[in-house]
Amino acid sequence: MIERIIQWYKVNKRDLPWRKTTNPYKIWISEIILQQTRVNQGLSYYYRFIEKFPSLKDLANAEEKEVLLAWQSLGYYARARNLHKAAQQILTIHNGVFPNTYDELISLKGIGDYTASAIASFAFNKPHPAIDGNVCRVISRLFGIFEEINTTVGKRKITDISKEIIPKDDASTYNQAMMEMGALICLPKNPKCEECPVSIHCHAFQKNLQQELPRKKSKKPPKEIIMNYLVILNNEKPTILMQKRTSSAGIWQNMYEFPLWITPKPISHEALLSSDFFQTIIPTKEFSAKASPVFIKHQLTHQTLMTYFWIIKTDITTKAETYKTINHEKELQQYPIPRLIELFMEQKEKYFTF
Ligand code: SF4
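Everything quoted here is computed from the prediction, not taken from an experiment.

**What to know about the sheet that holds strand β2 (residues 240–244)**
Alright, step 1. In space, the three strands of this open sheet follow the order β3-β2-β8, with antiparallel pairing throughout. The sheet terminates laterally at β3 (256–257) and β8 (324–326), the two strands that pair on one side only.
Alright, step 2. The sheet contact formed by β2 and β8 spans three bridges and is antiparallel. Its bridge partner lying in β8, L241 is registered against T325.

Put into structure tokens, the structure is as follows:
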């Protein structure tokens, strides 16, 4: 059965740059980017990132701000920070030589079981199954695994089967082939069973259980956070206030955003203007504010950000000691900003010129 999947892969595989290399650095970058986005969008990020940081040394020696900027729009910025830290670990602990064992790889910052297995197999052809969501689905359907695949028991079962079926002499092709099957044929909603090279062996196909498998335990719904951003514009000289998120807890560490007030529920215009938060930043009455804020709902993995952008125009110089004053849009491009702020800036022309 595995031989059939590998043969199918050799004929049908997509032509992707990271498949033409055994350079562990490039494979690593591609894997982390693909955890963030689909292949088509991931391609341009991959080329951009590799152009900016062509080698492990370039990445390790870069400023964190540069790495975050190159990662901008991909979201989940902890991954970019971890890439940077792991590159530095390889430089200092392994003298710049990319480790080639699973155990060394998994001890690096931000590298978990999947990524360690992917690098070990794609770059060094070591027999570690790389099990991502696509592979889980294929195995679950092929072998009729009814345990929930996001539980310890389900994961263990998928791993045990994978370890048994992976060809010890060509782990790299096997892993690529299984992922490609999941991406092109064994699709989540409508698997293309009529094109599948192993349908005669497939439990789900034989029993008509494709829609039943894989099973997943439902997760807790994401937490809703109410965010109020002040977009402060100085009329005299167009400026915008930004602050750096410094806390290592929570999201977007070391990225830039507008002054922020998190409230337990949505607030009124009056409540905002009379709040200590507002008055600490604009301690006079000389301002004009849009009565209704610009609203953007932004979904992260564990949080739904219900975000209100309050646009405040004022003639006075605001108390800006703790904030950066940005005077031009070009200047803003030097600062890594979260996707949420980018989304707002993309539609700013509707509300102000900057
Ligand atoms: Fe997936 Fe259908 Fe192939 Fe089974 S036969 S592995 S369900 S595509």
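The discussion continues.
**Looking at the pattern of salt bridges**
Alright, step 1. Under the defined criterion, the tally for this structure stands at eleven salt bridges.
Alright, step 2. Note that K52 is salt-bridged to E66, the shortest N-O span being 3.6 Å. Here K52 is found in helix α3 (residues 39–52), whereas its partner E66 is found in helix α5 (residues 64–71), with 14 residues between them in sequence.
Alright, step 3. For K348, the salt bridge is made with E349, and the minimal N-O distance between the two is 2.8 Å.
Alright, step 4. Note on K348: relative accessible area 3%, which makes it buried.

**Here we look at the environment of L209**
Alright, step 1. By secondary structure assignment, the location of L209 is in the loop between α12 (203–207) and β1 (223–234).
Alright, step 2. For L209 and G144, which are 65 residues apart along the polypeptide, the C-alpha to C-alpha distance reads 8.6 Å.
Alright, step 3. Residues contacting L209, with those up to four places away along its chain left out, are F146, H203 and A204.

**Quick word on the packing of aromatic side chains**
Alright, step 1. A complete count under the given rule lists 15 aromatic pairs for this structure.
Alright, step 2. Between the aromatic rings of Y46 and Y47, the centroid separation amounts to 5.8 Å while the plane-to-plane angle is 65°, which identifies the pairing as edge-to-face.
Alright, step 3. You can call Y46 buried: its relative accessible area is 4%.
Alright, step 4. On the basis of relative accessible area, Y47 is assigned to the partly exposed category, the value being 47%.
Alright, step 5. A ring pair is formed by Y229 and F258, whose centres lie 5.8 Å apart and whose planes are at 85°; its orientation type is edge-to-face. Of this pair, Y229 sits in strand β1 while F258 is found in the loop between β3 and β4 (260–263), placing the two residues 29 residues apart along the sequence. Each of the two residues, Y229 as well as F258, counts as buried.
Alright, step 6. Members of the aromatic cluster, joined through ring pairs, are Y229, F258, F309, F344 and Y351.

**Points about the site of the ligand**
Alright, step 1. Taken together, R141, I185, C186, P191, C193, C196, S199, C202, F205 and Q210 make up the full set of residues near the ligand.
Alright, step 2. Grouping the constituent residues of the shell around the ligand by class yields seven nonpolar, two polar and one charged.

**Some thoughts on unusual backbone geometry**
Alright, step 1. Residues L213 and P214 are joined by a peptide bond in cis, for which omega reads -5°.
Alright, step 2. Relative to the elements of secondary structure, P214 occurs in the loop between α12 and β1.
Alright, step 3. A positive phi angle, close to 60°, is found at W252, a residue other than glycine.
Alright, step 4. Considering the arrangement of structural elements, one finds W252 in the loop between β2 and β3.

**Considerations on the side chain of S121**
Alright, step 1. Among the secondary structure elements, S121 is positioned in helix α8 (residues 113–124).
Alright, step 2. Overall, S121 belongs to the buried group, its relative accessible area being 0%.
Alright, step 3. In terms of polar contacts, S121 uses its side chain to reach the backbone carbonyl oxygen of A118, at 3.2 Å.
Alright, step 4. Among the polar contacts made by the side chain of S121, one reaches the side chain of N175 at a distance of 2.9 Å.
Alright, step 5. Ignoring sequence-local partners within four residues, the contact set of S121 consists of K126, H128, A171, S172 and N175.

**Describing helix α11 (residues 171–184)**
Alright, step 1. Across its 14 residues, α11 extends 20 Å between first and last C-alpha, which sits within 8% of the 20 Å expected from 1.5 Å per residue.
Alright, step 2. A171, S172, T173, Y174, N175, Q176, A177, M178, M179, E180, M181 and G182 are the residues of α11 that are buried.
Alright, step 3. Lining the buried residues of α11 we find α1 (2–12), α8, α9 (133–143) and α10 (152–165).

**Quick notes on the packing of helix α2 (residues 24–34) against α8**
Alright, step 1. Where α2 meets α8, the axes come as close as 9 Å, and the angle between the chain directions of the two elements is 140°. For the pair α2 and α8, the crossing hand works out as right-handed. Contacts from P24, I27, W28, E31 and I32 of α2 reach α8 at Y114, T115, A118, I119, F122, A123 and F124.
Alright, step 2. Considering only residue class, the contact of α2 with α8 consists of ten nonpolar, one polar and one charged.

**Considerations on α5**
Alright, step 1. For α5, the full list of buried residues reads V67, L68, A70 and W71. Buried residues in α5, looked at end-on, bunch into an arc of 160°, giving them a common side.
Alright, step 2. On its buried side, α5 packs onto α2, α3, α4 (56–61) and α6 (78–93).
Alright, step 3. A positive phi of about 85° marks S73, the residue just after α5.

Here is what the cut-offs are and how they apply
Residues numbered from 1 in each chain as written. Predicted model: local features only at pLDDT ≥ 70, side-chain atom pairs only at ≥ 80, totals over all residues. Heavy atoms only, no water. Pairing = 2+ DSSP bridges. Helix = DSSP H or I, 4+ residues; strand = E, 2+ residues; numbered from the N terminus. Salt bridge = Lys/Arg side-chain N within 4 Å of Asp/Glu carboxyl O. Buried < 20%, exposed > 50% of the residue type's maximum accessible area, 1.4 Å probe, protein only. Contact = heavy atoms within 4.5 Å. Phe/Tyr/Trp six-rings, centres within 6.5 Å; stacked < 30°, edge-to-face > 60°. Near = heavy atom within 4 Å. Nonpolar A, V, L, I, M, F, W, Y, C, P; charged D, E, K, R; others polar. Polar contact = N/O pair within 3.5 Å; in protein donor to acceptor, adjacent residues only side chain to side chain. Expected span 1.5 Å × (residues − 1). Axes fitted to C-alpha atoms, helices over the stretch in contact; angles between N-to-C directions. Left-handed = near helix turned anticlockwise from the far one by under 90°. Arc of directions from axis to C-beta.

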